[in-house]
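Chain residues, written in single-letter form:
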Amino acid sequence: MQKILVIGACGQIGGELTLSLRKIYGGENVIAADIKDEHPMLKGTGPYTTLDATDAEATKALVEKEGVTDIYLLAALLSATGEKNPKLAWDLNMSSLRQILDLGVEKKLKIFWPSSIAVFGATTPRDNTPQKTIVEPTTMYGVTKYAGELLCQYYANRYGLDIRSVRYPGLISWKGEPGGGTTDYAVDIFYGALKDKKYSCFLSEDTYLPMMYMDDAIRATTSLMQVPIENMKTHMSYNLSAISFSPKEISEEIKKHIPEFTIEYTENDPRQAIANGWPKSIDDSAARADWGWKHEFDLSKMTEVMLENLKIKLEL
Ligand code: SER
């Protein structure tokens, strides 16, 4: 019987991932943990505990007490927030991963840890970025993600640790709140469109970035954790792709539903420089071949679902 611990369960991915894992494995078998108070979306769905992701002793005690077999480690500082406090980004992102990898070896745990398109930098080919390519991240977030990938690969090769990982693109959802990412405009734009019929975008109109609707990202995560380990041909993180669009393209899609919607573009936002170093689109053929990954949501389906559900959530 699997006993799962989700660390960072109140974050952008953690909330929805916890709910999905609880559907698959049963509410009581998925312990949600975060340094923050329990997110309202999790209340009443299963056990919750507060935990500092960098506290190795507390994590070990929890794993022993609950007989945890699988850990999903999602606690991290993202790209834009990480640039405001690079030291904290390194400390949080790396020490949390390192302690979970050590615990994983000691207790023979199965681990999921997310990487990101932020591992790529200005020297990477930007169109259809390959799985294996030049990797020179320019943000501290990207540096921690690439260092983390190498660390995961090392632990897999050296200790036989079962560690699995994907490079998430920008994630879009109406349920949780994004926090501190460069791709977050693609969530904020829906709030602007519904509440004010306008949006001021911090990226330029032709900035293409790889994106994904959250349901696809969650399904990718839970299915990667279920594939036989022999299927996995890499212990680095898998490229993962769904859609790629620019602020102009998503605004035009929104206009199909809200014709009066307008968008303007602000200049000199530091997030533009981050986006300029990231891929425009991703080649995820390795994930598709090794474990059958396939996205379901395209731009128009995602826009429809976002507007429909956010309207209800915002009581508009
Ligand atoms: N969504 C993340 C960010 O923008 C990318 O992994 O920082």
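A.B. asks: What should I look at first to understand the pattern of salt bridges in this one?
C.D. replies: A side chain of one charge can pair with a side chain of the opposite charge if their charged atoms are brought near each other. Counting across every chain of the model gives 17 salt bridges. Put simply, Lys 3 and Glu 66 hold a salt bridge, and the shortest N to O gap is 3.7 Å. With Lys 3 in the segment before strand S1 (4-7) and Glu 66 in helix H2 (residues 56-66), this pair connects stretches of sequence that are 63 residues apart. A residue is classified by how much of its surface remains accessible, and Glu 66, at 27% relative accessible area, is partly exposed.

A.B. asks: Whenever I open this one, the site of the ligand confuses me. Can you help?
C.D. replies: Taken together, Leu 78, Ser 79, Ser 116, Tyr 141, Gly 181, Thr 182, Thr 183 and Trp 278 make up the full set of residues near the ligand. In this structure, Ser 79 approaches the ligand through a side-chain N or O atom, which is 2.6 Å from an oxygen atom. Thr 182 is positioned such that a nitrogen or oxygen atom in its backbone is 2.6 Å from an oxygen atom of the ligand. For the ligand, the protein covers 95% of the area, taking 240 Å² as the surface of the free molecule. Partitioning the shell around the ligand into residue classes produces 3 nonpolar, 5 polar and no charged.

A.B. asks: Explain the pairing of S1 here, please?
C.D. replies: A regular strand carries its side chains on alternate faces of the sheet. Residues Ile 4 and Val 6 of S1 are buried on one face, and the alternating residues Leu 5 and Ile 7, pointing to the opposite face, are buried as well. Relative to strand S2 (residues 30-34), S1 runs parallel, the two sharing 4 bridges. Paired with Val 6 across the strands is Ala 32, a residue of S2. At this point the chain moves from S1, through helix H1 (residues 14-25), to the parallel S2, and the crossover so formed is right-handed. In terms of strand pairing, S1 meets strand S4 (residues 70-73) through 4 bridges, oriented parallel. Paired with Leu 5 across the two strands is Ile 71, which belongs to S4.

So, how was this worked out
Residues numbered from 1 in each chain as written. Predicted model: local features only at pLDDT ≥ 70, side-chain atom pairs only at ≥ 80, totals over all residues. Heavy atoms only, no water. Salt bridge = Lys/Arg side-chain N within 4 Å of Asp/Glu carboxyl O. Helix = DSSP H or I, 4+ residues; strand = E, 2+ residues; numbered from the N terminus. Buried < 20%, exposed > 50% of the residue type's maximum accessible area, 1.4 Å probe, protein only. Near = heavy atom within 4 Å. Polar contact = N/O pair within 3.5 Å; in protein donor to acceptor, adjacent residues only side chain to side chain. Areas by Shrake-Rupley, 256 points an atom, 1.4 Å probe, with all protein chains shown as cover. Nonpolar A, V, L, I, M, F, W, Y, C, P; charged D, E, K, R; others polar. Pairing = 2+ DSSP bridges. Right-handed = clockwise from strand over helix to strand, strands pointing away.

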